[in-house]
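# Chain and residue survey
Residues per chain are reported as follows:
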Amino acid sequence: MYSTIFKLTLATCVLLTQPYFIHANTYRFLAECQASGYLTGTSTTNCNTENNSECCKANQKYPQYRCSPQVTSNTKAKMTLNSFAEGGDGGGPSECDEQYHADTERVVALSTGWYNGGSRCLKNIRIKGNGRSVLAKVVDECDSVHGCDAEHSYQPPCGNNVVDASQAVWDALGYSGDQVGTLKSRGLMPEN
């Protein structure tokens, strides 16, 4: 997979408005975000492999996370490709608005900890990469706890540092072909 650095910025200081992100003990907790358990995979032929999505494997252990890393200028994040369209690899309708979204919309799903129980729903994050910058709307949770079932298209739980982005986000950043799929980044920060 192609790898490059991109920067994610949460617009409107969303992270700064959440009380649990401000408390010093919470910063320590999020910085030490560890797996809270493991989900045992099941084998199925119903896995949606659109966008080269990973399918659960029988008896494989997948880490579960109820937290995400603290957001700083050095936060490591991973942007993945996801279809939020009906029948896409994103599963059911988006959590925030119970709607499907076309691949031409700039939308994202955040790992469970960053999603924060929906507190970031319908707010924008700024994603920077490839010398470009784009705003994308948070419409869903990239579930870091549950997976390997029909609701999650038989895919394992997301990692604790994932921004699942639509094709439109990748296009706006100028990525194409083999560059699209998974990018690792450093630099997820609240926008001032």
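Everything numeric in this text was worked out from a predicted model, so none of it was measured.

## Overview of the overall build of the protein
A tally of regular secondary structure across the protein gives three helices and 10 strands. Secondary structure of the protein in N-to-C order comes out as β-α-β-β-β-β-α-β-β-β-α-β-β. Within the protein, buried positions represent 48% of all 192 residues. Long-range contacts, defined here as pairs at least 24 residues apart, represent 75% of the contacts in the protein between residues at least 6 apart. Accessible area for the protein stands at about 9200 Å²; split by element, carbon and sulfur atoms hold 46% of it.

## Some thoughts on unusual backbone geometry
Of note, N130 is a non-glycine position whose phi angle comes to about 60°, a positive value. Exposure remark for N130: the relative accessible area of 38% places this residue in the partly exposed category. Of note in this structure, C148 is not a glycine but carries a positive phi near 60°. Mapping C148 onto the fold places it in the loop between β7 (132-142) and β8 (162-165).

## Some details on the state of the cysteines
Applying the stated criterion to the full structure yields four disulfides. The disulfide partner of C33 is C67, and the gap between their sulfur atoms is 2.0 Å. Residues C33 and C67 are joined by a disulfide whose S-S torsion is about 90°; by sign, that bridge is right-handed. Here C67 lies in the loop between β3 (61-64) and β4 (76-81) and C33 lies in the loop between α1 (24-31) and β2 (37-40), a separation of 34 residues in the sequence.

## Quick word on the packing of aromatic side chains
Where two aromatic rings form a pair, the distance of their centres and the angle of their planes describe that pair. Under the defined criterion, the tally for this structure stands at one aromatic pair. For the ring pair W170 and Y175, a centre distance of 5.8 Å and an interplane angle of 65° mean the geometry is edge-to-face. Residues W170 and Y175 agree in their burial class; the two are buried.

## Re the nonpolar core
In terms of nonpolar packing, the biggest core is built from 23 residues, with M79, V108, L110, I127, V169 and W170 touching the most fellow members. At the level of elements, β4, β5 (107-111), α2 (112-115), β6 (124-129), β7, β8 and α3 (167-172) are the ones that each hand at least two residues to this core. Not counting the four nearest positions on each side in its chain, V169 is found in contact with M79, R106, V107, V108, I127, V134 and A136. Residues F84, A109, V139 and V162 belong to the second largest nonpolar core, which totals seven residues.

## What about the confidence of the model for the protein?
Across the protein, pLDDT averages 78, with 78% of residues at or above 70. Per-element confidence in the protein is highest for β5, whose mean pLDDT is 96, and lowest for strand β10 (residues 188-190), whose mean pLDDT is 41. Scored below 50 in pLDDT, residues 9-30 shows 51 contacts in the model against residues more than four places distant or in partner chains. A low-confidence stretch, residues 187-192 stays under pLDDT 50, and its non-local contacts, those more than four residues away or across chains, total 33 contacts.

## What to know about the side chain of T80
Among the structural elements, T80 can be located in strand β4. Judged by relative accessible area, which is 13%, T80 ranks as buried. Look past the residues within four positions of T80 in its chain and what remains in contact with it is V162, V163, D164, A165, W170, G181 and T182.

## Concerning the environment of C67
With relative accessibility at 5%, the residue C67 sits in the buried group. Sequence separation of C67 and T112 is 45 residues, and the distance between their C-alpha atoms is 6.5 Å.

## A word on the pairing of β6
Only one face of β6 is covered, namely the one carrying I125, I127 and G129; the face carrying N124, R126 and K128 has none of its residues buried. Where β6 hands over to β7, the hairpin turn is made up of two residues, of which N130 adopts a positive phi near 60°.

The rules we used
Residues numbered from 1 in each chain as written. Predicted model: local features only at pLDDT ≥ 70, side-chain atom pairs only at ≥ 80, totals over all residues. Heavy atoms only, no water. Helix = DSSP H or I, 4+ residues; strand = E, 2+ residues; numbered from the N terminus. Buried < 20%, exposed > 50% of the residue type's maximum accessible area, 1.4 Å probe, protein only. Contact = heavy atoms within 4.5 Å. Areas by Shrake-Rupley, 256 points an atom, 1.4 Å probe, with all protein chains shown as cover. Disulfide = S-S within 2.5 Å. Phe/Tyr/Trp six-rings, centres within 6.5 Å; stacked < 30°, edge-to-face > 60°. Core = buried A, V, L, I, M, F, W, Y, C linked by side-chain atoms within 4.5 Å. pLDDT = per-residue confidence, 0-100. Pairing = 2+ DSSP bridges.

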